[in-house]
Amino acid sequence: MPAVHHKLLLEDALQDSPQTRSLLSVFEEDAGMLTDYTNKLLQSMQRVFGAQSEMGLATEQLSQQLLDYEKKNFALGKGDEEVIATLQHFAKTVGELNSLHSELANQMADSMVFPLIQFREKDLTEISTLKEIYGIATDECGEHVIMSALFQNVKTQLTVQLKVDLVKEVAYTRRKQHSASLQYYCALNALQYRKRVAMLEPMLGFTQAQVGFFKKGIELVSKKMDSFLSAVSKMTIQAQLDSEAETMRASQRELLSVEDTVYMPDKDSDSVNRTLIQKAGYLNIRNKTGLVTTAWDRLYFFTQGGNLMCQPRGAVAGGMVLDLDNSSVMAVDCEDRRYCFQITSPSGKTSMILQAESKKEYEEWICTVNNISRQIYLTDNPEAVAIRLNQTAIQAVTPITSFEKRQEGDPNPDRSGCVSFDVSAPEPEDLIAPGTPIQFDIMLPASEFQDQNRAGGRRTNPFGETDDDCSSETDDSLLQQVFAVRFQGSMAVRCGNNQEVIYEAMRQVLAARAIHNIFKTTESHLMVTSSSLRLIDPQTQVTRISFMLDEVSQFAAHQENGRLMGFVVEGRDWSDGDEEGEPAFSAFIFESSTEGEKICYTINLAKEIAEAKKDPEALAQLMKNMPLTNDGKFLLLEPETGDTADRVGQEDLESEA
């Protein structure tokens, strides 16, 4: 193999010997490798330039984002003033760095990328073009044809002119080849020097641009950032974070050290808080999915003022479900769920059934709704009022199932008659003595009442016959009306000529039932006649208790819940030994399946009939003004016997009060 020279000899271009051709192939191979390397190097430099340009854009965006922190108005941004000022200073510094990065990118484009592109497009492209020209000029076919025509046969006699033309053509072809070879050789020789410059110039420009960038960066940091960075490093945010993290870890360990019963449903060990005026938590609500099918949905409920709110999972805010002012709450039995209770609006048109997760939650929700329904939250100190009312209710409520006498030493309510009070705003103590026990059920006559005189009730025997003469019902022939009712409770009151005492008795009876979780009631039939009121067991038709009509001193229906009604009965108390006995008043509270106003209207009519019986003319006038049935009785309302007969034997119905 011939020795490789560092350049092509121009003197050998005309001869175009095989040795020259071999040396030329080495230069051509070197030029091809240089072209491939230059393309890859240019790609790398363009990538560096693109990264630097992206760095400039990124720092610009970073600076803008730092300035936008102040505009976010974080809801939990308390104490961020120092952070905002620091970020603004950083944003200014990053903005200056952005200008440096942009300047560096421009310098890279001018001193690194552009020279290499120029070398590739000018020098390497020139080599490629000259190579093609050289290949065409040194094509042996053309010269071979001409030489063959000139020397094809020595015996052939050519004309002088043809021979001259062939010689000139051969000379032109060789001159053209010689010129192309010289240009090609010169370009290949020059490429060996140009490639050295082309490789070093871009890197020299890149290095100089980086040095200038770092010099300006050092000036920026040393002159403007040293004091600022020193002040930032002295900030106590990290120390505060470490302290808070340690506190949270300690709290986490303490919270996780509880017993497993905390995570178990219906394993509440804490006592029930009956003085709550606010409550929140997850409850299951029953929704109808068809005519007879229902489904339970788990939603988050909370109270806000006098409203019950509901917030589904994922919702931004809650919406009002029910107004709890003057509403009623009661426990209900559901076939497929336990710990269920029902909340009913004052009008009775809207109600919902909810289920709590545990007995404690169940009782606290009932007590909370009951406290809110009294509008305690509107007072100046609702917590204190709730505690006081709860203590009063606990002292006042002693659930018993019969009219038992108080033991010696127990509080004895004042039965000396009505206490004088302002009719417009009577105090509860003026209507009902604190500590008065409440009776929640009326036993059958077989369990005889031990103190019937106090309530003014008539004693009955197991056969339904009264101690009075068992006369026929001729006295009641003018009026007989039966209502389906549920007995809520009775208690001694201080007076019997004020409807407010009935409203207060309703409130205390319902509150006592909620406090002691006494919600089941038994359905009875209240018969109103022109001489008496009788509470009849619908299953046995035995009279539970009866009152003479003249003993009923007051009666009224609830102002908000129209299904609640009550009346006050006047009796005598001979416990002091007085022969005449002291007046004693008892309030009886019922929940009716119909409107309480109808019962009150019937009782009022019965009193008018009883009063009219004393004067035949007045009775005749009353009978003339009132419509009568075919059998001569007063036509009052549609008979409820059909409705009540369907419910005979259904005991322990849930109260809707």
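Residues numbered from 1 in each chain as written. Predicted model: local features only at pLDDT ≥ 70, side-chain atom pairs only at ≥ 80, totals over all residues. Heavy atoms only, no water.

- Within an unreviewed UniProt entry, the label attached to the chain reads DCC-interacting protein 13-beta, and the organism entered is Gouania willdenowi.

**What about the overall build of the chain?**
Inference 1: In terms of regular secondary structure, the chain is built from 13 helices and 17 strands.
Inference 2: The buried share of the chain, taken over its 657 residues, is 40%.
Inference 3: Considering only contacts within the chain whose residues lie at least 6 apart along the sequence, 68% involve residues at least 24 apart.
Inference 4: Only carbon and sulfur atoms are counted for the fraction: they give 52% of the accessible area of the chain, which is about 38000 Å². (Helix = DSSP H or I, 4+ residues; strand = E, 2+ residues; numbered from the N terminus. Buried < 20%, exposed > 50% of the residue type's maximum accessible area, 1.4 Å probe, protein only. Contact = heavy atoms within 4.5 Å. Areas by Shrake-Rupley, 256 points an atom, 1.4 Å probe, with all protein chains shown as cover.)

**Considering helix 10 (residues 499–515)**
Three- or four-residue spacings in an α-helix give side chains the same orientation, since the helix completes a turn every 3.6 residues.
Inference 1: With 17 residues, helix 10 extends 25 Å between its outermost C-alpha atoms, agreeing within 8% with the 24 Å of an ideal straight helix rising 1.5 Å per residue.
Inference 2: Counting buried positions along helix 10 yields 13 of 17 residues, so the element is predominantly enclosed.
Inference 3: The N-terminus of helix 10 is capped by Asn498, whose side-chain oxygen sits 2.8 Å from the backbone nitrogen of Glu500.
Inference 4: At the C-terminal side of helix 10, Asn517 shows a positive phi close to 55 degrees. (Expected span 1.5 Å × (residues − 1). Polar contact = N/O pair within 3.5 Å; in protein donor to acceptor, adjacent residues only side chain to side chain.)

**Focus on the pairing of strand 7 (residues 351–355)**
Inference 1: For strand 7, the buried fraction is high: four of the five residues fall into the buried class.
Inference 2: Where strand 1 (residues 280–288) meets strand 7, two bridges bridge the pair, whose relative direction is antiparallel. From the neighbouring strand, Ile285 faces strand 7, where its bridge partner is Leu354.
Inference 3: Taken together, the five bridges between strand 6 (residues 340–344) and strand 7 define a ladder with antiparallel strand orientation. Across the sheet, the residue bridging to Cys340 is Gln355, located in strand 7.
Inference 4: Here strand 6 folds back onto strand 7, and the loop between the two strands holds six residues, one of which, Gly348, carries a positive phi near 80 degrees. (Pairing = 2+ DSSP bridges.)

**What about the pairing of strand 1?**
Inference 1: Across nine bridges, strand 1 lies against strand 2 (residues 294–304) in antiparallel orientation. Counterpart to Gly281 in the pairing with strand 2 is Phe301.

**Description of the confidence of the model for the chain**
Do not read the fine detail of predicted coordinates wherever pLDDT is low.
Inference 1: The share of residues in the chain with pLDDT of 70 or more is 76%, and the mean pLDDT across the chain is 76.
Inference 2: By mean pLDDT, strand 17 (residues 653–654) is the weakest element of the chain at 36, and strand 3 (residues 307–311) is the strongest at 92.
Inference 3: Note that pLDDT drops below 50 for residues 444–476; the model gives that stretch 61 contacts with residues more than four away or on any other chain.
Inference 4: For residues 636–657, every residue scores under 50 in pLDDT, and the model assigns this stretch 61 contacts once sequence neighbours within four places are set aside. (pLDDT = per-residue confidence, 0-100.)

**Considerations on the environment of Asp297**
Inference 1: With respect to the helices and strands, the residue Asp297 is situated in strand 2.
Inference 2: Asp297 gets classed as partly exposed once you look at its relative accessible area, which sits at 34%.
Inference 3: Residues Asp297 and Pro312, 15 residues apart in the sequence, show an inter-C-alpha distance of 9.8 Å.
Inference 4: Here the side chain of Asp297 touches Asn287 through a polar contact of 2.7 Å, side chain to side chain.

**Details of the pattern of salt bridges**
Inference 1: Under the defined criterion, the tally for this structure stands at 17 salt bridges.
Inference 2: Among the salt bridges present, the one from Arg249 reaches Glu246, with a minimum N-O distance of 2.9 Å. One end of the pair is Arg249 and the other is Glu246, both in helix 5 (residues 237–256) and three residues apart, which spans about a single turn.
Inference 3: Taking the relative accessible area as the measure of exposure, Glu246 reaches 39% and is therefore partly exposed. (Salt bridge = Lys/Arg side-chain N within 4 Å of Asp/Glu carboxyl O.)

**A look at the sheet that holds strand 7**
Inference 1: Here seven strands make up an open sheet; going across it, the order is 4-3-2-1-7-6-5 and the pairing antiparallel. Looking at the sheet topology across the chains shown, the edges are occupied by strand 4 (319–323) and strand 5 (328–332). For this sheet, the mean angle separating the axes of adjacent strands, direction not counted, is 40 degrees. (Axes fitted to C-alpha atoms, helices over the stretch in contact; angles between N-to-C directions.)

**With respect to helix 11 (residues 596–612)**
Inference 1: For helix 11, with 17 residues, the first-to-last C-alpha span of 24 Å sits near the 24 Å given by 1.5 Å per residue.
Inference 2: Buried residues of helix 11: Gly596, Ile599, Cys600, Thr602, Ile603, Leu605, Ala606, Ile609 and Ala612, and no others.

**Focus: the packing of aromatic side chains**
Inference 1: All chains considered together, the criterion is met by 13 aromatic pairs.
Inference 2: Ring centres of Tyr134 and Tyr185 lie 6.3 Å apart, and the angle between their planes is 45 degrees; on these two criteria the pair is classed as tilted. Separated by 51 residues along the polypeptide, Tyr134 in helix 2 (residues 81–137) and Tyr185 in helix 4 (residues 160–233) bring together distant segments of the chain.
Inference 3: The class of Tyr134 is buried, set by a relative accessible area of 3%.
Inference 4: Taking relative accessible area as the criterion, Tyr185 reaches 0% and is therefore assigned buried.
Inference 5: A ring pair is formed by Phe547 and Phe567, whose centres lie 5.8 Å apart and whose planes are at 75 degrees; its orientation type is edge-to-face. Taken as a pair, Phe547 in strand 13 (residues 543–548) and Phe567 in strand 15 (residues 564–573) lie far apart in primary sequence, 20 residues in all. Accessibility assignment for this pair places Phe547 and Phe567 in one class, buried. (Phe/Tyr/Trp six-rings, centres within 6.5 Å; stacked < 30°, edge-to-face > 60°.)

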